[in-house]
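What the coordinates show
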Amino acid sequence: LYRRYGLWFRLRKLIIWLLGVYVAIPFLVKLCPAIQAKLVFLNFVRVPYFIDLKRPQDQGLNHTCNYYLQPEEDVTIGVWHTVPAALWKNARGKDQLWFEDALGSSQPVILYLHGNAGTRGGDHRVELYKVLSSLGYHVVTFDYRGWGDSIGSPSERGMTYDALHVFDWIKARSGDNPVYIWGHSLGTGVATNLVRRLCERETPPDALILESPFTNIREEARSHPFSVASTRYFPGFDWFFLDPITTSGIKFANDENVKYISCSLLILHAEDDPVVPFHLGKKLYNIAATSRSFRDYKVQFVPFHTDLGYRHKYIYRSPELPRILREFLGKSEHEHQH
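To start, this report covers the structure provided alongside it. Position numbers for residues count from 1 along each chain, tracking the sequence in the order it is written. Only residues with pLDDT of 70 or above have their local features reported here, since the model is predicted, and side-chain atom pairs are shown and tallied only from 80 upward, although totals for entire chains, interfaces and linings are computed over all residues. Computation of side-chain values: all heavy atoms of the structure, hydrogens and water removed.

This next bit is on the overall build of the chain. In this text, helices come from DSSP runs of H or I with a minimum length of four residues, and strands from runs of E with a minimum of two, each type numbered from the N-terminal end. Of regular secondary structure, the chain possesses 13 helices and 8 strands. When a residue's accessible area, from a 1.4 Å probe over protein chains only, is under 20% of the maximum for its type it is buried; when over 50% it is exposed; and in between it is partly exposed. Across the 338 residues of the chain, 51% fall into the buried class. We call two residues in contact when some of their heavy atoms are within 4.5 Å. Sequence-distant contacts, at least 24 apart, represent 76% of the contacts inside the chain between residues at least 6 apart. Each accessible area is a Shrake-Rupley estimate made with a 1.4 Å probe; only the visible protein chains count as cover when residues are assessed. Surface accessibility of the chain: about 16200 Å² in total, with carbon and sulfur atoms responsible for 56%.

So, in structure tokens, the structure goes:
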């Protein structure tokens, strides 16, 4: 009897402690919005670990050069430039100047904006660079300030400015070659911020590709599997967890941005995406397709069936991707020339 009483006492103590944590966390997040910002960016999660970002060749990218650019004072960002696979042999042993000059060759350029967590050396990202390179594209990607070996504090404004700086850096070297912008997951928010700004200053890219996009960060946070579980059982979820995101100045309003974008748009989304629900990508497409800003441009939505298992970050595995890009971007290149 004493043993049973002692076990019940310890169990009750554990339950009370867990309830205390369950109640305390929302108040902690509400009082410290920076916590929620960190959970949105996840820039402190660096995977894979133990890789040297100065050596992209260690990830099988033998035709890639590592640069460092400075968008603002006290901000330095690490950049990878992968040339088209056809230039692989010529690229071996070449310096940064050669790679920069190569942007002026006749091949188009894709500026890739990655999602939260990890670095430009993430496994699925590297595999996509390889696919795009094999299709004849230059791929330029970078880590936003605060990610990887890039210096600075993360913010939506800062991420967007970093992307703008890299875009302008590319355009200064690529001549009349088409430049496309590809955003994935949280990177779609950076991409639409960037392209809206480019369209407003009348220097739009030749096309925008959004992989696994959401409508806005608040709706995405509410639809996240963890949030869905919390919403069911915790009263005031929006006030405790979603309002602090807004308080931190984080919006990533894709649904609003697409109303001001004037260039071809391609959306790719897997039906079994567990991170950004498929219905958010479809909803964003419906908003864009009916927007007056796209009336003279192609807007396309390509779903990938659940049975394919591409989930949130494996669309690069699709054997159909080369055809999809060739048909879509071929059309965009025609518009660029005329």
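Having seen the structure, we can now continue with the description.
Moving on: helix H6 (residues 156-174). Along an α-helix, residues three or four apart share an orientation, since each turn contains 3.6 residues. The end-to-end C-alpha distance of H6, which contains 19 residues, comes to 27 Å, matching closely the 27 Å that a straight helix rising 1.5 Å per residue would cover. Along H6, the residues that are buried comprise Glu156, Gly158, Met159, Thr160, Asp162, Ala163, Leu164, Val166, Phe167, Trp169, Ile170 and Ser174. How far a helix is expected to stretch is found by multiplying one less than its residue total by 1.5 Å.

The next point concerns the pairing of strand E8 (residues 299-304). Paired strands are those between which DSSP finds at least two bridges. Relative to E8, strand E7 (residues 264-270) is paired through 6 bridges, and the arrangement is parallel. Of the residues in E8, the one forming a bridge with Leu266 is Gln300.

In this section: the packing of H6 against helix H7 (residues 186-200). Running from N to C, H6 and H7 point in directions that differ by 60 degrees, and their axes come no closer than 9 Å. With respect to each other, H6 and H7 are oriented oblique. Crossing of H6 over H7 shows right-handed handedness. Where H6 approaches H7, its residues Glu156, Met159, Thr160, Tyr161, Ala163, Leu164 and Phe167 are matched on the opposing element by Leu186, Val190, Asn193, Leu194, Arg197 and Leu198. Split into classes, the residues belonging to the contact of H6 with H7 amount to 9 nonpolar, 2 polar and 2 charged. An axis is simply a line fitted to the C-alpha atoms; with a helix, the fit covers only the stretch in contact. Between two such axes, the angle follows the N-to-C directions and lies from 0 to 180 degrees. Between 65 and 115 degrees an angle is taken as roughly perpendicular, under 35 as roughly parallel, over 145 as roughly antiparallel, and anywhere else as oblique. Each crossing is labelled by how the near helix is turned from the far one, with a counterclockwise turn of less than a right angle marking it left-handed and a clockwise turn marking it right-handed. Polar here means any residue outside two lists: the nonpolar Ala, Val, Leu, Ile, Met, Phe, Trp, Tyr, Cys and Pro, and the charged Asp, Glu, Lys and Arg; Gly therefore counts as polar.

This next bit is on empty space enclosed by the protein. Only protein atoms enter the 1 Å grid used here. Points where a 1.4 Å probe fits but cannot escape make up a cavity, open sets with protein on both sides within 12 Å along at least five of seven lines make up a pocket, and a residue lines them when an atom lies within 4 Å of a point. Grid points are joined across faces, edges and corners, and a volume is the space filled by probe spheres set on the points. Within the structure shown, the criterion is met by 1 cavity of 30 Å³ or more. When its volume is computed, the largest cavity comes out at roughly 40 Å³. Considering only residue class, the lining of the largest cavity consists of 3 nonpolar, 1 polar and 2 charged.

If you walk across this open sheet you meet the 8 strands as E1-E2-E4-E3-E5-E6-E7-E8, and the pairing is mixed. Only two strands of the sheet have a single neighbouring strand rather than two, namely strand E1 (64-72) and E8. Going from strand to strand, the sheet's axes swing by 20 degrees on average, the running direction of each strand aside. Of the pairings in the sheet, the one linking strand E3 (residues 109-113) to strand E4 (residues 138-142) comprises 4 bridges and is parallel in character. Directly across from Val109, in E4, lies its bridge partner His138. Along the sheet, H6 makes contact with E1, strand E2 (75-82), E3, E4 and strand E5 (179-184), crossing E1 at roughly 120 degrees.

Let's shift gears to the layout of surface pockets. One number sums up the size of the second largest pocket: a volume of about 170 Å³. Taken together, the elements giving at least two residues each to the lining of the second largest pocket come down to H6 and H7. With 4 residues, the top contributor of residues to the lining of the second largest pocket is H6. Taken together, the residues of the lining of the second largest pocket sort by class into 3 nonpolar, 3 polar and 4 charged.

Attention now moves to the nonpolar core. Nonpolar cores were defined as sets of buried Ala, Val, Leu, Ile, Met, Phe, Trp, Tyr and Cys residues, with membership established by side-chain atoms within 4.5 Å. The biggest cluster of nonpolar side chains holds 57 residues, and the ones touching the most others in it are Phe41, Leu111, Leu113, Phe142, Ile181, Leu208 and Phe252. Beyond its immediate stretch of four places on either side in the chain, Phe142 contacts Ile77, Gly78, Val79, Leu111, Tyr112, Leu113, His114, Arg120, Asp162, Ala163 and Val166. Residues Leu53, Leu128, Leu268 and Tyr316 belong to the second largest nonpolar core, which totals 30 residues.

Below, the discussion takes up unusual backbone geometry. In this model, Ser212 sits at a positive phi of 55 degrees, which is unusual for a non-glycine residue. One can find Ser212 in the loop between strand E6 (207-211) and helix H8 (217-223). The phi dihedral of Arg311 falls on the positive side, at around 50 degrees, and the residue is not glycine. When you line up the elements, Arg311 lands in the loop between E8 and helix H13 (321-337).

Here, a salt bridge means any Lys or Arg side-chain nitrogen found within 4 Å of an Asp or Glu carboxyl oxygen. Using the criterion set out here, one finds 14 salt bridges in the structure. Among the salt bridges present, the one from Arg145 reaches Glu72, with a minimum N-O distance of 2.7 Å. A residue pair is termed long-range when its members are at least 10 positions apart, and Arg145 in the loop between E4 and H6 and Glu72 in strand E1 qualify at 73 residues. A relative accessible area of 4% places Arg145 in the buried class. On the accessibility criterion, Glu72 (23% relative accessible area) is partly exposed. A single network of salt bridges, built from pairs that share partners, joins Glu72, Arg145, Arg157 and Asp162.

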